[in-house]
Amino acid sequence: MSQRSRRRFLHDVAKAGVAVSANQLFGGLVRAQTATAQASGPARLYLDTRRTRATLDRNVFGSFLEHLGRAIYEGIYDPGSALSDSNGYRKDVLEEIRKLKVPIVRYPGGNFVSGYNWLDGVGPKRDRPRVLDKAWNALNSNQFGTNEFLAWCNAAGTQPLLAVNLGTGTPEEAAALVEYCNVEKGARWSDLRRKHGVTEAHRVQHWCLGNEMDGPWQIGHMPAVEYGLKAADAGRQMRYVDRGLTLVACGSSGPGMSTYLEWDRTVLEQCYPYVDAISLHRYFTNEGAETGGDSGKFLALNLSMERQIAEVASVCDFVRGRLKSPKKLWLSFDEWNVWYRQRGGAAVDGNRQEAPHLLEEVYNLEDALLVGGCINTLLRSADRVRIGCLAQLVNVIAPLMTNANGLVRQTILYPYSWALRYAGGEVLDLMAENAAVYEISATEKAPYLDVAGTVGGADGVVSLFVLNRDLAKARQLEVNWEGKAATKLSTSLVLTGADLKAVNDFGAPNRVMPKDAERPVMSGGRTMIEVPPRSYSVFQWQS
Ligand code: AHR
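Parameters at a glance
Residues numbered from 1 in each chain as written. Predicted model: local features only at pLDDT ≥ 70, side-chain atom pairs only at ≥ 80, totals over all residues. Heavy atoms only, no water. Pairing = 2+ DSSP bridges. Helix = DSSP H or I, 4+ residues; strand = E, 2+ residues; numbered from the N terminus. Axes fitted to C-alpha atoms, helices over the stretch in contact; angles between N-to-C directions. Salt bridge = Lys/Arg side-chain N within 4 Å of Asp/Glu carboxyl O. Near = heavy atom within 4 Å. Polar contact = N/O pair within 3.5 Å; in protein donor to acceptor, adjacent residues only side chain to side chain. Areas by Shrake-Rupley, 256 points an atom, 1.4 Å probe, with all protein chains shown as cover. Nonpolar A, V, L, I, M, F, W, Y, C, P; charged D, E, K, R; others polar. Buried < 20%, exposed > 50% of the residue type's maximum accessible area, 1.4 Å probe, protein only. Contact = heavy atoms within 4.5 Å. Phe/Tyr/Trp six-rings, centres within 6.5 Å; stacked < 30°, edge-to-face > 60°. Disulfide = S-S within 2.5 Å. Parallel < 35°, antiparallel > 145°, perpendicular 65-115°, else oblique.

Draft legend 1. Expanded view of the sheet that holds strand β17 (residues 431–433). Across the sheet, which stays open at both edges, the five strands sit in the order β17-β2-β22-β26-β25 with mixed pairing between neighbours. Strand pairing shows two members of the sheet lacking a second neighbour, β17 and β25 (521–523), which therefore form its edges. Direction aside, neighbouring strands of the sheet carry axes that sit 25° apart on average. In this sheet, strand β22 (residues 475–482) lies alongside strand β2 (residues 43–48) in parallel orientation, the contact comprising six bridges. Its bridge partner being in β22, L45 is matched across the sheet by V479.

Structure (structure tokens):
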């Protein structure tokens, strides 16, 4: 697109009163009163590899392991299993996570952390107590604790995001854990680690200051001011032990909370100087799923995740302005996923058992498509979000499920694995026009196509991730290369199917699988892509 026609396009958009940027025409919500309901012809995308939004931090595609259900025991750690190595780590799971190249994993909770005494999980295994985890009403043998997790991270090729207990725990105990993990030797807690046989300090960089402290369900739940002061003191004491830490304060546990944003503001007013980031959490529901749900609306939910990111970022900047701070906080979206089936009753009550079957959500095709949409949202938000954790990794609302004989890759694994494999470098600032939209409520419309992309470093590899929310029709996307066109298509994959409710399980592990996508057609500096209905696709070009 020439400069002139781009100016013209932006002018037309402005005149029509469309209060969204061109990029948002594909990604964000389009206001009902201004959107063109039925654009004809293909949606057009203007792609200039020089026009980028931010450098992508791969930690945006991290994950999460909590002492919950069978995530740890029977998930990653199963000493009695023939599938485990001499450390008790499940080799098949480890191999899968190594192959995925998961960059960061949050641990040990979640709600669990708010009642956890880290000292119960270190030292000789035979001396560790069996403890009632009150958050999930389950028994924890403590055979797997901090040192086992950090050694597992090394084996899995990932890095830890450790959460400290700010529910029943104190700032002093949090600082003691930092010393235990990060100080080489010479003081009480560092020497205790050495006594436990771990000579080298772990040097854990990223830490969460508690978990969902705004939630009335949280052990130690407290008012925002109180939590803000506690987080400030924890941050202060932890940094006295190790100056280089990255610290994340607990933000609202979701936009549905009555204290949403107010909590974040109040907390930050107390602890802004001591933290680097604030957390966001979100779980998506397909409302009315018992009777099929509303798939069109469900597939647009990632757009509300985008709004949540914008809202929390605004609060951070508001507090920054009030405090006249030079520091700009970033966001840690450290729990997100689809989760609505296994969310009550026996599915969340461990019945005082060890490794009970909890939150074992079975994901279908439409869940995977929304996860793809969330990946697009995280890409578009890379200027502000630096850590993200798909919650969780194994057995508990997870892309991987294990049994005694092996593992199954759930549907949601595929879009997640594509983000890890194909997104990299700079996130593209894509410009779009002629995007057709559909109604998702009386006041809001969503575009059928949701597109995000990256351009990778010196070699200029371009990747595009395309969600087609249209349940009935294939949609066309015309990519107009501004500047140099990438010509060598190296990847074209699609996840789709006739049945949005299809799942993978041990009986049929490959029911929902990626397949080769229809190859885009290149002509005259443009690439025409056709994506099938109900689909998420990835395309990659070498320069
Ligand atoms: O991920 C499951 C639970 O969801 C976590 O323990 C908690 O933080 C959130 O409410």
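From this point, the discussion proceeds with the structure in view.
Draft legend 2. Here's a closer look at the pattern of salt bridges. Per the counting criterion, the structure on display carries 30 salt bridges. One salt bridge in this structure joins D48 and R50, with 2.8 Å as the shortest N-O distance. Several salt bridges converge on common partners, so that one network encompasses E306, R380, D450 and R469.

Draft legend 3. Local environment of the site of the ligand. Near the ligand you find 13 residues, and of these E66, N111, E212, Y283 and E335 are the closest. In this structure, E66 approaches the ligand through a side-chain N or O atom, which is 2.7 Å from an oxygen atom. One of the side-chain nitrogen or oxygen atoms of N211 is found 3.0 Å away from an oxygen atom of the ligand. For the ligand, the protein covers 96% of the area, taking 280 Å² as the surface of the free molecule. Its residues assigned to classes, the shell around the ligand comprises six nonpolar, four polar and three charged.

Draft legend 4. Molecular detail of helix α4 (residues 146–156). Across the 11 residues that make up α4, a large majority, eight, are buried. Of the positions making up α4, those classed as buried are T146, N147, E148, F149, L150, W152, C153 and A156. For α4, the secondary structure elements touched by its buried residues are α3 (91–100), β5 (104–107), β8 (159–164), α5 (171–182) and α6 (188–195). Trailing α4 by a residue or two, G157 shows a phi angle of about 70°, which is positive.

Draft legend 5. Examining the packing of aromatic side chains more closely. The full count for this structure, using the stated rule, is 15 aromatic pairs. For the ring pair W118 and Y180, a centre distance of 5.0 Å and an interplane angle of 50° mean the geometry is tilted. Here W118 is found in the loop between β5 and β6 (131–133), whereas its partner Y180 is found in helix α5, with 62 residues between them in sequence. As far as burial versus exposure is concerned, W118 and Y180 are alike and both buried. Seen from their ring centres, Y283 and W339 are 4.8 Å apart, and the 85° between their planes marks the pair as edge-to-face. Of this pair, Y283 sits in strand β11 (residues 277–284) while W339 sits in the loop between β12 (330–338) and α11 (365–380), and the two are 56 residues apart along the sequence. When sorted by exposure, Y283 lands in the same class as W339, which is buried. Every member of this aromatic cluster is reached through a ring pair, and the members are Y73, Y77, Y107, F144, F149 and W152.

Draft legend 6. The arrangement of the state of the cysteines in detail. Going through the model one piece at a time under the given rule, you end up with zero disulfides. Left unpaired, C271 is separated from the closest cysteine sulfur, that of C250, by 9.4 Å.

Draft legend 7. Broad picture of the packing of α11 against helix α12 (residues 413–422). Between α11 and α12, the least distance of the axes is 7 Å, while the angle of their chain directions is 25°. Accordingly, the angle class assigned to the pair α11 and α12 is roughly parallel. Facing A368, V371, G372 and I375 of α11, the residues of α12 in contact are P415, Y416 and A419. Within the contact of α11 with α12, the residues separate by chemical class into six nonpolar, one polar and no charged.

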